[in-house]
Amino acid sequence: MAQVGAKLRELRRRRDLGVRELALRSGISHSAISLIERDRMSPSVDTLSAILDALGTTLPGFFSDLQASAPYTPFYRAEELVEIGKAHAISYRMIGINHPNRQLLMLHETYAVGADTGQAFSHAAQEAGVVTKGAVELTVGEQQRVLKPGDAYYFDSRLPHRFRNVADEKSEILSAVTPPTY
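Residues numbered from 1 in each chain as written. Predicted model: local features only at pLDDT ≥ 70, side-chain atom pairs only at ≥ 80, totals over all residues. Heavy atoms only, no water.

The name that an unreviewed UniProt entry assigns to the chain is Cupin domain-containing protein, with the source organism given as Tianweitania aestuarii.

Laid out in structure tokens, this is it:
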């Protein structure tokens, strides 16, 4: 996560923008931008996207630049996984952000009690995963099932799908998406 904050600050400074001016352009509060740049807050995908739009870049461009500047290693400590979700609701921690020519999005997902991805959505990819903790209700097209630790899924992401934590505790999934969407 430290690389995300530093890279955002670098982009903002290269464009000769102050935090408040970036806040006006992006619609994100100046305090949130400051916290993100100082690694005190992990931005959601929507927040990061709004900031990057205001800086004239895209999520794929930002992460490919970040990937190019990071030294490659095949190993990742827990604190090195980049948060691309909302840590307090649905956390998506990305594995292997700096892997050269990455063809797979690998995620450690954590769902807070009651967390839900919302209305079913679709995109051009394939997804697979294994529930490692809790219980997750997965809807794919017209099919629905509650998955518990050790249960798995694999589906074409062009089918509308939705995830919901139905456990009385946090639920966790280790998942993969190809081609990578981030």
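So much for the structure itself; the text now carries on.
A. Just the overall build of the chain, in detail. Along the backbone of the chain there are 5 helices and 9 strands. The linear arrangement of helices and strands in the chain, starting from the amino end, is α-α-α-α-α-β-β-β-β-β-β-β-β-β. Relative to a compact globule of 182 residues, whose C-alpha radius of gyration would be 16 Å, the chain shows 17 Å and is just as compact. Each principal axis of the C-alpha atoms in the chain carries an extent, and together these give about 50 × 35 × 30 Å. Each of the 182 residues in the chain was classed as buried or not, and the buried ones make up 41%. Taking contacts inside the chain between residues at least 6 apart in sequence as the whole, the part at least 24 apart equals 63%. Of the roughly 9800 Å² that the chain leaves accessible, carbon and sulfur atoms contribute 51%. (Helix = DSSP H or I, 4+ residues; strand = E, 2+ residues; numbered from the N terminus. Rg over C-alpha atoms; globule rule 2.2 N^0.38 Å. Buried < 20%, exposed > 50% of the residue type's maximum accessible area, 1.4 Å probe, protein only. Contact = heavy atoms within 4.5 Å. Areas by Shrake-Rupley, 256 points an atom, 1.4 Å probe, with all protein chains shown as cover.)

B. Region of the structure containing the UniProt feature "domain: HTH cro/C1-type" (unreviewed entry) in the chain. As annotated in UniProt, the feature "domain: HTH cro/C1-type" (unreviewed entry) corresponds to residues 8-62 in the numbering used here. Annotation note: span residues 8-62, helix share 67%, strand share 0%, distance between end C-alpha atoms 9 Å. (UniProt positions renumbered as here; feature names shortened; annotations may be inferred.)

C. Seen up close, the packing of helix α2 (residues 19-26) against helix α3 (residues 30-37). For the pair α2 and α3, interaxial distance at closest approach is 8 Å and the crossing angle is 115 degrees. Crossing geometry of α2 relative to α3 is assigned as right-handed. In contact with V19, R20, L22, A23 and S26 of α2, α3 contributes H30, I33, S34 and E37. Of the residues in the contact of α2 with α3, the class split is 4 nonpolar, 3 polar and 2 charged. (Axes fitted to C-alpha atoms, helices over the stretch in contact; angles between N-to-C directions. Left-handed = near helix turned anticlockwise from the far one by under 90°. Nonpolar A, V, L, I, M, F, W, Y, C, P; charged D, E, K, R; others polar.)

D. View of the pattern of salt bridges. One pass over the structure, following the stated rule, counts 6 salt bridges. Linking E10 and R14 is a salt bridge whose minimum nitrogen-to-oxygen distance equals 3.4 Å. Of the two residues, E10 and R14 both sit in helix α1 (residues 2-14), 4 residues apart, roughly one turn of that helix. A salt bridge links E21 to R25; its shortest N-O distance comes to 3.0 Å. Here E21 and its partner R25 are both found in helix α2, 4 residues apart, which amounts to about one turn of the helix. Residue R25 is classed as exposed on the basis of its relative accessible area of 51%. (Salt bridge = Lys/Arg side-chain N within 4 Å of Asp/Glu carboxyl O.)

E. Fine view of the nonpolar core. Membership of the largest hydrophobic core comes to 26 residues, with the highest contact counts inside it found for L8, I51, F62 and F63. Looking at this core, the elements that each hand over two or more residues are α1, α2, α3, α4 (45-54), α5 (59-69) and β3 (105-111). Here the element with the most residues in this core is α4; it accounts for 4 residues. Setting aside residues up to four positions removed in sequence, F63 forms contacts with V4, L48, V82, I84 and I97. Grouped together as the second largest cluster of nonpolar side chains are 12 residues, A115, V131, V136 and L147 included. (Core = buried A, V, L, I, M, F, W, Y, C linked by side-chain atoms within 4.5 Å.)

F. Molecular detail of the sheet that holds strand β6 (residues 143-147). Taken in spatial order, the 3 strands of this open sheet run β6-β5-β8, and their pairing is antiparallel. What marks the edges here is a single partner per strand, and that holds for β6 and β8 (161-165). Taking each pair of neighbouring strands and ignoring which way they run, the sheet shows an average axis angle of 15 degrees. Note that strand β5 (residues 136-140) and β8 share 5 bridges and pair antiparallel. Across the sheet, T139 pairs through a bridge with R162, a residue of β8. (Pairing = 2+ DSSP bridges.)

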